[in-house]
Amino acid sequence: MTSQDNFTVDPWQIVEHTLDLTGPARAESVFALSNGHIGLRGNLDEGEPHGLPGTYLNGVFELRPLPYGEAGYGYPESSQSVINVTNGKIIRLLVDDEPFDLRYGELHGHSRTLDFREGVLRRQVEWTSPAGRTVRVTSARLVSLTQRAVTAVDYRVEAVDGPVRIVLQSELVANEQLPQAGAGDPRAAAALEAPLIGEAAHAAGTKAVLVHRTRYSGIRVAAGMDHLIEGPGRLDSTAESTDDQGRISVTTVLSPGEPLRLVKFIAYGWSATRSLPAVRDQVEAALTAARYTGWDGLAAEQSQYLRSFWDASDIEIEGDVELQQAVRFAIFHVLQAGARSEERAIPAKGLTGPGYDGHSFWDTEAFVLPVLTYCLPAAVNQALRWRHTTLPLARERATQLGLAGAVFPWRTIRGEECSGYWPAGSAAFHIGADIASAVVRYIRATGDLQFEREYGLELLVETARMWRSLGHHDAIGRFRIEGVTGPDEYSAIADNNVYTNLMAQTNLRAAAEAATRNPDEAAALGVDTEEAAAWRDAARAMFIPFDANLGVHPQADGFTDHQLWDFEHTPPEKYPLLLHYPYFDLYRKQVVKQADLVLAMQVRGDAFTAEQKARNFAYYERLTVRDSSLSACTQAVIAAEVGQLDLAYDYTAEAALMDLHNLGGNTGDGLHMASLAGACIALVAGFGGVRDQGEHLSFRPRLPAGLRRLTFSMLVREKLVQIAITHSGTTYTLRQGTELKFSHDGEELLVKAGRPVHRPTLAPPPQERCVQPPGREPARRHAQPGVASGGTVGSGPDHLAAE
């Protein structure tokens, strides 16, 4: 097997049967565990060899300067980078004084398994040391979804061929040395040397605690570990600590067949305001609770949590086992990213790696939250409440830019703008409307009016104020928004970007409606009837460009007049374009990094006719190079809507396999959360035809030839509806609740408990497949209905390079 195809295809788990010592970072991301609060990369228990060590705490970062050759007003002076905090995963093993290091000796077998129903990373190794002693090691690791501050490891070593002296060193290690990030790649993270300053260290018995503080951001971080040790005969243990290391050592002699078991409980706590004793005591309390629960109890809690989640949130596919695996992998990691984030951001890479410096972008609201809204709405509530906590900073930024309301940062960890390149950062004002859209979707899907009054209304009001001050009415009354950057970052500082204008229109309307529903709260925010009327007027007069000569919508005003990019003479090795061509050249040509106008058709389908959608899609397919992992899922949704089902199938697979196939070449920096969420969107909104812009959900199901059946469920106002789609018909079953209204292919329906509703699945007429730029076509998808547990992931074309 090569490094691209060493994951077994299985519908419910990722299994690695060989260890790739030449490029382990990819597997470390794939096997990462998280709960949205704590994230552990899938590094080996013994710490080495590694590709990229990683232990991340949501919201823990270090400041670094943003130098400019020529500074300008409003440029951020510093950025924030996620840091690798104290590593508690390490358990070093010595076999008769020989370090257990898989680069030496003889490796007889090595496998790792991550079962999505269990939420535990399991490992099995058999190894002979250079001196000839053989041991068998098994370990299991989890990050608790029920006890958010806790992770745990169940580590066992067994002698195989003779008596052997064993030493286990269980460690906490701060300020690990990290490999250098890729030079010149804006997707890579900044490597910060020794960002933690020791404040306290203590070790005694089976427990150790380290407390550090970040050098510049001033965040206090405590890490602690405790152990349960089981073994035959005599066991000796010692405890020691220094500023950057805590160690519990255990030694014994094992006869063949005898195991030594060490259960390690790890806990983390952090705060920018609480005292050292308070943070330390929080960690010790979490360790006490974890030890009380025990490994078996933590594993049982994890399994029960996931059993409940999958029962309501699974997406089942018949006809393509590899795609089934990839989609469950996607759902599992999206769950891990948001489950316990709790008033903190959901970063673009989750907590699986340091890519993009651990920043949160518009990806969260535009791709991740739409998925979580219908399966884990409490996580959406928390993510939007985090945005609300950053409103003071967003208001300051708006004032700095001469605008009213709030301007949210393009990329951030704590809430300040961290983008040093304003054309593709601060100018992307659409993030305000993306946040507003997520607020509206959450309230509509949950009926959470308390959230609307306490958080949602203010987010809608402040973003509406920003739009009203950013745009203006021209001489003939049209409301224009100029000098902005839409989702396509190869077309910056444009006038009247269609996606931006349509999203702003929705934002303005939603703010006016919410203010009307909540007059007292609106008045407290200073909203009067005149201001709300101005929002409605701007929304009503919003300018949406249209090229009558071509019969398509330009992505932005004048876009279709630009020179076409020379796709024919752009070699494959020059993608992604942003790493090989100046932005100056990209900005003035018709070339699209990622779906922009096409995304507008997905989120605001009501603004386009069916004919316009088909023509627009065909036009932009010829221009879109998918240099972003955010593109394929959106193209899949609209391809399905306009009847290009096989093309939609290809794009769906690309989104789902982005990380398992390492299509962007940067999975080692962490998983692409938006692409993973996008795979779910492609299936549900694409082949399920789900649209949620109206008062009730609407469905327009259709399947590609490669799939026999698609089944998924959606939670709407505490009512759980299951949708089962085949080529002949679609069945709606209410699994929770009394009744639910929705539409199927335009027909209004009411499904009641115990009375499923069945309707035919209509197939669109055959169409000629749209054309993409040379060399940027998606890989043709060939379903694998017969593959079970013997195939491997990663054998398809890996030509795509994307963010």
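Each remark here, short or long, concerns the structure printed above.
Below is a short write-up of the structure.

The next thing to look at is the pairing of strand β18 (residues 236–242). Judged from the 7 bridges that link them, β18 and strand β19 (residues 245–254) form a sheet pairing that is antiparallel. Along β19, the bridge assignment pairs alanine 239 with isoleucine 248. Linking β18 to β19, which pair antiparallel, is a turn of 2 residues.

Turning to unusual backbone geometry, a few remarks are in order. Looking along the chain, the bond that leaves glutamate 48 and enters proline 49 is cis, with omega of -5°. Turning to its location among the elements, proline 49 is positioned in the loop between β4 (38–40) and β5 (55–57). In this structure, proline 576 follows tyrosine 575 across a cis peptide bond, with omega equal to -5°. With respect to the helices and strands, proline 576 occurs in the loop between β24 (563–564) and α12 (583–587). The backbone of arginine 626 sits at a positive phi, close to 55°, despite the residue not being glycine. In this fold, arginine 626 is placed in the loop between α14 (610–621) and α15 (631–641). According to the relative accessible area criterion, arginine 626 is buried, its value standing at 0%.

Here we take up the side chain of serine 271. Tracing the sequence through the fold places serine 271 in strand β20 (residues 259–271). In this structure the side chain of serine 271 is engaged in a polar contact, spanning 3.0 Å, whose partner is the backbone nitrogen of threonine 273. The contact partners of serine 271, leaving out residues within four places of it in the chain, are Gly218, Ile219, Arg220 and Val279.

Right, let's talk about the state of the cysteines for a bit. Each disulfide consists of one covalent bond between the sulfur atoms belonging to two cysteines. Summed over the entire model, instances satisfying the criterion amount to 0 disulfides. Of the cysteine sulfurs around cysteine 375, a residue in no disulfide, the closest is that of cysteine 680, at 7.9 Å. A disulfide-free cysteine, cysteine 770 has its sulfur positioned 17 Å from the sulfur of cysteine 633, the nearest such atom. Given a relative accessible area of 13%, cysteine 770 falls into the buried group.

With that out of the way, let us pick up helix α8 (residues 449–470). Taking 1.5 Å as the rise per residue, α8 with 22 residues should run 32 Å; its terminal C-alpha atoms sit 29 Å apart, in good agreement. Within α8, 16 of the 22 residues are buried, which leaves it mostly tucked inside the rest of the structure.

We now examine the pairing of strand β15 (residues 196–204). Pairing geometry for β15 and strand β16 (residues 207–214), over 8 bridges, is antiparallel. Bridge pairing in β16 places leucine 196 opposite threonine 214. Hairpin remark: β15 followed by β16, antiparallel, with 2 residues in the connecting loop; positive phi at glycine 205, about 65°.

Before going further, it helps to examine the environment of phenylalanine 7. Locating phenylalanine 7 in the fold gives a position in strand β1 (residues 7–8). Given the relative accessible area of 0%, phenylalanine 7 is considered buried.

Counted according to the given criterion, the structure contains 55 salt bridges. Here aspartate 692 ties to arginine 441 by a salt bridge, and the two come within 3.2 Å at their closest N and O atoms. Pair noted here: aspartate 692 is in the loop between α17 (673–687) and β26 (698–699) and arginine 441 is in helix α7 (residues 430–446), with a separation of 251 residues, a long-range link. With relative accessibility at 14%, the residue aspartate 692 sits in the buried group.

Further remarks concern the sheet that holds strand β29 (residues 729–736). If you walk across this open sheet you meet the 5 strands as β21-β27-β28-β29-β32, and the pairing is antiparallel. Only two strands of the sheet have a single neighbouring strand rather than two, namely β21 (315–318) and β32 (757–760). Averaged over all pairs of adjacent strands, the angle between their axes in this sheet comes to 15°, without regard to strand direction. When strand β28 (residues 719–726) meets β29, the two strands line up antiparallel, connected through 6 bridges. By the bridge assignment, alanine 724 is partnered in β29 with threonine 731.

Rules used in this analysis
- Residues numbered from 1 in each chain as written.
- Predicted model: local features only at pLDDT ≥ 70, side-chain atom pairs only at ≥ 80, totals over all residues.
- Heavy atoms only, no water.
- Pairing = 2+ DSSP bridges.
- Helix = DSSP H or I, 4+ residues; strand = E, 2+ residues; numbered from the N terminus.
- Buried < 20%, exposed > 50% of the residue type's maximum accessible area, 1.4 Å probe, protein only.
- Polar contact = N/O pair within 3.5 Å; in protein donor to acceptor, adjacent residues only side chain to side chain.
- Contact = heavy atoms within 4.5 Å.
- Disulfide = S-S within 2.5 Å.
- Expected span 1.5 Å × (residues − 1).
- Salt bridge = Lys/Arg side-chain N within 4 Å of Asp/Glu carboxyl O.
- Axes fitted to C-alpha atoms, helices over the stretch in contact; angles between N-to-C directions.

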